[in-house]
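Structural overview for review
These are the residues of each chain, in order.
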Number of protein chains: 2
Amino acid sequence: MKNFMNQVDSVLEESLDGFAAAHSDIVVLGEDYEFVRRKEIKQGKVALISGGGAGHEPLHAGFVGYGMLDAACPGQIFTSPTPNQMMNAANAVDGGAGVLFIVKNYAGDMMNFQMAAEILDQENATVIVNDDVAVENSTHTTGRRGVAGTLIVERILGAAAERGDSLLELKKLGDAVNKATASMAVALSSCTVPAAGKPTFQISSTDMEIGVGIHGEPGRRRVPLASADEIALELTKAVLDDLALKPGQEVILLVNGFGGTPLLELYLMVNAAHKVLAGAGVSVARHLTGSYVTSLEMAGCSITVCVADSEMLALWDAPVHTAALRWGM
Amino acid sequence: MKNFMNQVDSVLEESLDGFAAAHSDIVVLGEDYEFVRRKEIKQGKVALISGGGAGHEPLHAGFVGYGMLDAACPGQIFTSPTPNQMMNAANAVDGGAGVLFIVKNYAGDMMNFQMAAEILDQENATVIVNDDVAVENSTHTTGRRGVAGTLIVERILGAAAERGDSLLELKKLGDAVNKATASMAVALSSCTVPAAGKPTFQISSTDMEIGVGIHGEPGRRRVPLASADEIALELTKAVLDDLALKPGQEVILLVNGFGGTPLLELYLMVNAAHKVLAGAGVSVARHLTGSYVTSLEMAGCSITVCVADSEMLALWDAPVHTAALRWGM
């Protein structure tokens, strides 16, 4: 394992200091590294808060800013943040219109966000993201895992919150976006958590893990590496089967890298996914391609499809200004 | 070697097809994959053209669009594009005000861009980027190599071309930006070119290559992995020594990943570089952090500093709309 680091136990904190310095026009770091929040708090707007273990950067801190999250609570690498972090974040970004938590369906995150939601004085609601179609229940999950589709939920809800939607409207829209979003992933290599010092899992130089989770947890099966077209077919088909699209519906396509896969290959996967989508008569209205929901330096990618009506597309297109996503301003 | 690919000899073409599909609002792919050009050609504007071997994505195609390049010519992985590609690109994006080539100082690129410049009917000029302070002359270079600073040159010139600067003005500004920009890099791992099938270089699990080039070519020395602070000190000091800043000058800081280094670690390096810069009394006016000038899946990073006057900063901030950089629109 070779990383840029000083001390294994200060990796997250030093990284957050760099992040806050690099994006001081957008974000402020909370005390004791408990959360990253927007610099400008907007009164009368529902506050959107997400979070989860570090190691998935730019998720979630990279999505804090206008048109997306109000705060993100980072846990240590692949470790849930605490209920205290969420509560302190909620108090810091409270705009008087309630708090919406956006939570990836992982056992630790679910438990801690639920605890925060119960204790919190402010009116609040929670949108659970469970877009991963690979497996029902898994190493760290009851039910489906929440993965790259979280970005789409955060973006669309962020735009809706900005236009003034109420807590109830946002909860309803968030559940609808989650239901319309499905993902599946493949890994070609493991990642190594610095504190563990060894790869999360072992994989031979000729195999791939189909249906892998964003912490390297196992998915559907371990098989020899297939061609890009074969992989795209399996991932995209699984996603389309889950979504049961109707003819004429438009989609947002997110081809997401896990950190160790070059952009050159991600765009090749976009091309491969397009062939499958075209074969199924699906029209891609919007693309996002890059390493947005990562697993440290793991090589691999996921394919996410979100069935988007015209309102969702308009919200997707609305101005956003975060460290990792920015358009329209 | 494990990659997402179908055939080793069609990796670039399939990737370009995916890129063009994903960004069809911004770019058009030239015939025979010779270039990626802007969708909208602006008459009366100097055309900015860059290019080089693939494997450095998002450089250069990811920087084609409003406020940056008019066209990019991709060679095969780590292989220069041909003079024909550059000439056909120049003809495709000609706005009647001349053509400016932006060329990284590598022998193959230099020779082929020079040949194109000589044959081309249009009035043209060339800005050579040679920001890498690691070595004078190298495996593929006479003089210093052109590396991540190329992004800064392309961005600032792109904005200046958009406001209507003449070919002569752009050439002068480009040379000034190049002179004001310095970079140095470190690699923790090699990358593997798919067509070669084996790592470009061998490096032990405990060493790093200081002063590495963006094709994995050797730099200053091979030494045991040091702490992030020690690495940042060596890279940043080399860059600052080269630039000889005067007190009160402002800089743009680009911490660039080579593809295989997680964003978590890049921000940690931002923090480490900040300590060195603060110690030297240097004020960072703008940041860019991410994997922008890559070397396939190589783990490592470079630190680039550009000494920017108020005009350069205003051009940096001006609207840009490309696949990889976007703000202000």
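These figures come from a predicted structure and were not determined experimentally.

Quick look at the overall build of chain A
The secondary structure content of chain A amounts to eight helices and 15 strands. Considered along the principal axes of its C-alpha atoms, chain A spans approximately 50 × 50 × 35 Å. Within the structure as shown, chain A displays about 11200 Å² of accessible surface, and the carbon and sulfur contribution to it stands at 51%. Each charge class in chain A can be summarised by its mean position, and for the 23 positive and 38 negative side chains these summaries are 6 Å apart.

Some details on the environment of E297(B)
Tracing the backbone shows E297(B) in the loop between β12 (283-290) and β13 (300-308). A relative accessible area of 22% means that E297(B) is categorised as partly exposed. Taking the C-alpha atoms as reference, E297(B) lies 9.7 Å from G257(B); in sequence the two are 40 residues apart. In this view, E297(B) contacts G260(A), P262(A), S189(B), S190(B), C191(B), T192(B), G259(B) and G260(B); residues no more than four positions away in its chain are not counted. Separated by 3.0 Å, the side chain of E297(B) and the backbone nitrogen of T192(B) make a polar contact.

A few points about empty space enclosed by the protein
Evaluation of the coordinates by the stated rule reveals four cavities of 30 Å³ or more. Within this model, the largest cavity holds a volume of roughly 210 Å³. Contributing to the lining of the largest cavity are 21 residues, with L16(A), E57(A), L59(A), H60(A) and A61(A) lying nearest its centre. When residues of the lining of the largest cavity are traced back to their parent elements, those giving at least two are α1 (11-22), β3 (47-54) and β5 (71-77) of chain A together with α7 (263-279) of chain B. Among the residues making up the lining of the largest cavity, the classes are represented as 14 nonpolar, six polar and one charged.

Section: the pairing of strand β5 (residues 71-77) of chain B
Residue and element names in this part refer to chain B. Buried residues dominate β5, accounting for six of its seven residues. As defined by bridge partners, strand β3 (residues 47-54) adjoins β5 across six bridges and the pair is classed as parallel. The residue bridging G53 from the neighbouring strand is G75, located in β5.

Quick word on the domain arrangement of chain A
Residues and elements named next belong to chain A. One can read the domain layout of chain A as domain 1 (10-179 + 317-327) and domain 2 (181-307). On the side of domain 2, 34 residues touch domain 1, which itself brings 33 residues to the contact. Summed over both partners, the interface of domain 1 with domain 2 buries about 2600 Å², with 63% contributed by carbon and sulfur atoms. Ranking the residues of domain 1 by area buried against domain 2 places F78, V133 and I152 at the top, with a combined share of 21%. Scanning the region where domain 1 abuts domain 2 turns up two salt bridges. When the shortest N-O distance is used, the salt bridge between R144 and D242 registers 2.7 Å. Residue assignment for the side of domain 1 that touches domain 2 shows that the elements contributing at least two residues are α4 (149-162) and α5 (167-179). Ranked by the residues each element gives to the side of domain 1 that touches domain 2, the list is headed by α4, at four residues.

Conventions used here
Residues numbered from 1 in each chain as written. Chains lettered and ligands numbered in written order. Predicted model: local features only at pLDDT ≥ 70, side-chain atom pairs only at ≥ 80, totals over all residues. Heavy atoms only, no water. Helix = DSSP H or I, 4+ residues; strand = E, 2+ residues; numbered from the N terminus. Areas by Shrake-Rupley, 256 points an atom, 1.4 Å probe, with all protein chains shown as cover. Lys, Arg positive; Asp, Glu negative; His and termini not counted. Charge placed at Lys NZ, Arg CZ, Asp CG, Glu CD. Buried < 20%, exposed > 50% of the residue type's maximum accessible area, 1.4 Å probe, protein only. Contact = heavy atoms within 4.5 Å. Polar contact = N/O pair within 3.5 Å; in protein donor to acceptor, adjacent residues only side chain to side chain. 1 Å grid on protein atoms, 1.4 Å probe; cavity = no way out; pocket = protein on both sides within 12 Å on 5 of 7 lines; lining within 4 Å. Points joined across faces, edges and corners; volume = space filled by probe spheres on them. Nonpolar A, V, L, I, M, F, W, Y, C, P; charged D, E, K, R; others polar. Pairing = 2+ DSSP bridges. Domains from an automatic or database assignment. Buried area = accessible area lost by both parts, 1.4 Å probe. Salt bridge = Lys/Arg side-chain N within 4 Å of Asp/Glu carboxyl O.

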